[in-house]
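Close look at the chain arrangement
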Amino acid sequence: MKSGFVAIIGRPNVGKSTFLNAIIGKKIAIMSNKPQTTRNTISGVYTTSDAQIVFIDTPGIHKPHNELGARMTKSAYQSTRGVDAILWMISAKEHFTTGEEMIIENIKNTNTPIFLCINKIDLLKNKQEIDKIILEYKDKLNFKGIYPISALENQNIEHVINDIKEILPEGPKYYPDNMITDHPEGFLIAEIIREKVLINTEEEVPHSVAVVIDMLRKNEDNPDVIDCYASIYVERKSQKGIIIGAGGSMLKKIGSQARKDIKNILGSKVYLEIWVKVKEDWRNRENALKVFGYGSDNF
């Protein structure tokens, strides 16, 4: 039996969460086309008869514009310490920029094996484009391997996993066979609600949203139903109006979409009630960051 931890790092929107969900075979990390969708580190447990790999999905590394962004980037780099391997993911559709240079500068001196995944190859027109990317990156770091993949279409992922297994140490399982994440249900539900906000809103609204689960319990009259009460926090009154929508239409849409995913996680019927509240400039306020799950010890 081999076991170990692998940190998945990269810039925002390169497909880290899609990759994690594809490996686990179930949605545990939220996804959207908005940058910085992932805020906390998310652990996904991949278990086979001969290995257990704990993949750590991290926030996208970017130049922060507020305290929350600074903590997200810091946590991504901290996740590369003490792991058995680093999986650096890039997008096949994005060019090498100062963002990649910043990542290289921060991991170049590590002794941890680094695997490079070129994701989204399903968007390329021909193989020659992949070859150009490999040539561009192959001498940037001492990579243990370079893998063109498509997390969305599950292309070449098994090859990556097999090569990671090769370098892992022998060791025990850290989690039971049926466990796919170490995050509590409340965290996953809050993330699902936030995902629906990301999908359905535009401009500054998605990045200004935090979700708190106020209560999660079995219904007193019907134990087959889970009661979930949640609050969506925004930074301005105008954002509150956008999320509620005309006659409550947007909030109803967000709740309906979230309820379906929550039901899949909990395996039972769900009563979901959501409020929208305003907490001005919460992304720069220490107390608010802590309450919303983004304190310095929450990543």
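Look a little higher up for the structure.
Numbering of residues starts from 1 in each chain and follows the order in which that chain's sequence is written. At least 70 in pLDDT is required for a residue's local features to be given in this predicted model, at least 80 for side-chain atom pairs to be given and counted, and no such filter applies to totals for whole chains, interfaces and linings, which use all residues. Note that the side-chain values use all heavy atoms of the structure and ignore hydrogens as well as water.

**Observations regarding the sheet that holds strand β4 (residues 85-91)**
Strand order in the open sheet formed by 6 strands is β2-β3-β1-β4-β5-β6, with mixed pairing between adjacent strands. Looking at the sheet topology across the chains shown, the edges are occupied by β2 (42-47) and β6 (145-148). Strand after strand, the sheet turns through a mean of 20 degrees between neighbouring axes, direction not considered. Two strands are said to pair when DSSP picks up at least two bridges between them. A run of H or I in DSSP counts as a helix once it spans at least four residues, and a run of E counts as a strand once it spans at least two, with each numbered from the N terminus. Working convention: axes come from line fits to C-alpha atoms, limited for helices to the stretch in contact. Angles between N-to-C directions cover 0 to 180 degrees.

**Topic: the pattern of salt bridges**
Salt-bridge detection follows one rule: a side-chain nitrogen of Lys or Arg within 4 Å of a carboxyl oxygen of Asp or Glu. Tallying each qualifying case throughout the model produces 15 salt bridges. The partner of Lys 196 in a salt bridge is Asp 261, with the nearest N and O atoms 2.9 Å apart. One end of the pair, Lys 196, is in helix α6 (residues 185-200); the other, Asp 261, is in helix α8 (residues 249-266), with 65 residues separating them in the sequence. Comparing Lys 196 with Asp 261 shows no difference in burial state: the two are buried. Salt bridges here are not isolated pairs; linked through shared partners, they connect Lys 27, Glu 195, Lys 196 and Asp 261. Burial classes follow relative accessibility: with a 1.4 Å probe on protein chains only, a residue under 20% of its type's maximum area counts as buried, one over 50% as exposed, and anything between as partly exposed.

**Describing the packing of aromatic side chains**
A pair of Phe, Tyr and Trp rings is counted when the ring centres sit within 6.5 Å of each other, with Trp represented by its six-membered ring. The angle between the planes then sorts it: under 30 degrees is stacked, over 60 is edge-to-face, the rest tilted. For the structure on display, the rule yields 11 aromatic pairs. Ring geometry for Trp 88 versus Tyr 137: centroids 5.8 Å apart, planes at 75 degrees, classification edge-to-face. One end of the pair, Trp 88, is in strand β4; the other, Tyr 137, is in helix α4 (residues 127-137), and 49 residues separate them in sequence. Here the two residues Trp 88 and Tyr 137 agree in accessibility, since each one is buried.

**As for the nonpolar core**
Judged by nonpolar contacts, the single largest core of 28 residues is most densely connected at Phe 19, Ile 23, Ile 53, Phe 55, Leu 87, Val 160 and Ile 164. Secondary-structure elements contributing two or more residues to this core are β1 (2-9), α1 (16-24), β2, β3 (51-57), β4, β5 (114-119), α5 (157-167) and α6. Between two residues, a contact is recorded if the distance between any of their heavy atoms is within 4.5 Å. If sequence neighbours within four positions are ignored, Leu 87 has contacts with Val 6, Ala 7, Ile 8, Ile 9, Phe 19, Phe 115, Cys 117, Val 160 and Ile 164. By nonpolar core we mean a set of buried residues, namely Ala, Val, Leu, Ile, Met, Phe, Trp, Tyr and Cys, connected to one another through side-chain atoms within 4.5 Å. Counting 25 residues, the second-largest nonpolar core is a separate cluster that includes Ala 7, Ile 61, Ala 92 and Ile 103.

**Looking at the pairing of strand β7 (residues 210-218)**
In this sheet, strand β8 (residues 225-234) lies alongside β7 in antiparallel orientation, the contact comprising 8 bridges. Looking at the pairing, Val 211 lines up with Ile 232 of β8. A loop of 6 residues connects β7 with β8, the two strands running antiparallel in sequence.

**Details of the side chain of Ser 3**
Tracing the backbone through its elements, the reader meets Ser 3 in strand β1. Leave out the neighbours within four places in its chain, and Ser 3 touches Gln 52, Asp 84, Leu 168, Pro 169, Gly 171, Pro 172 and Tyr 174.

**Some details on α6**
End to end, α6 covers 23 Å across 16 residues, agreeing with the expected 22 Å (1.5 Å per residue, within 8%). With 13 of 16 residues buried, α6 lies mostly within the body of the structure. By this rule, a helix spans an expected 1.5 Å times one less than how many residues it contains.

**A closer look at α5**
Residues Ile 157, Val 160, Ile 161, Ile 164 and Lys 165 constitute the buried set of α5. When α5 is viewed along its axis, its buried side chains cluster within an angular range of 135 degrees and face the same direction. What points out from α5, more than 90 degrees from its buried face, is the exposed set Glu 158 and Glu 166. This arc describes the spread of directions from the helix axis toward the C-beta atoms.

**Quick word on the pairing of β4**
Most of β4 sits inside the fold, with 7 of its 7 residues counted as buried. Where β1 lies against β4, 4 bridges are found, and the strand directions are parallel. Bridge pairing links Val 6 to Ala 85 in β4. Of the strand pairs in this sheet, β4 and β5 are connected by 6 bridges, and their pairing is parallel. Note that in β5 the partner of Ser 91 across the bridge is Asn 119. For the crossover that starts at β4, traverses helix α3 (residues 98-107) and ends in the parallel β5, the hand is right-handed. Seen with its strands pointing away from the viewer, a crossover is right-handed if its path from the first strand over the helix to the second goes clockwise.

**Some details on the sheet that holds β8**
As a general point, the strands of a sheet are linked pairwise by backbone hydrogen bonds and lie either parallel or antiparallel. As summarised here, the arrangement of the 3 strands in space is β7-β8-β9, forming an open sheet in which the pairing is mixed. Two strands lie at the open edges of the sheet, namely β7 and β9 (269-278), each paired on one side alone. The mean inter-strand angle of the sheet, taken between neighbouring strand axes irrespective of direction, is 15 degrees. Together, β8 and β9 form the strand contacts of helix α7 (residues 237-244), whose direction differs from that of β9 by roughly 155 degrees. Sheet strands in contact with α8 are β8 and β9, and its direction is about 135 degrees off that of β9.

**A few points about the packing of α6 against α8**
The geometry of α6 relative to α8 is characterised by a closest axis approach of 9 Å and an angle of 145 degrees between their N-to-C directions. At the point where α6 passes α8, the crossing takes the right-handed sense. Across the interface between the two elements, Glu 185, Leu 188, Ile 189, Ile 192, Ile 193, Glu 195, Lys 196, Val 197 and Asn 200 of α6 pack against Met 250, Lys 253, Ile 254, Gln 257, Ala 258, Asp 261, Ile 262, Ile 265 and Leu 266 of α8. Per-class residue counts for the contact of α6 with α8 are 11 nonpolar, 2 polar and 5 charged. For any pair of crossing helices, the crossing counts as left-handed if the nearer helix is rotated counterclockwise from the farther one by less than a right angle, and right-handed if it is rotated clockwise. Amino acids outside the nonpolar list (Ala, Val, Leu, Ile, Met, Phe, Trp, Tyr, Cys, Pro) and the charged list (Asp, Glu, Lys, Arg) are all regarded as polar, and Gly is one of them.

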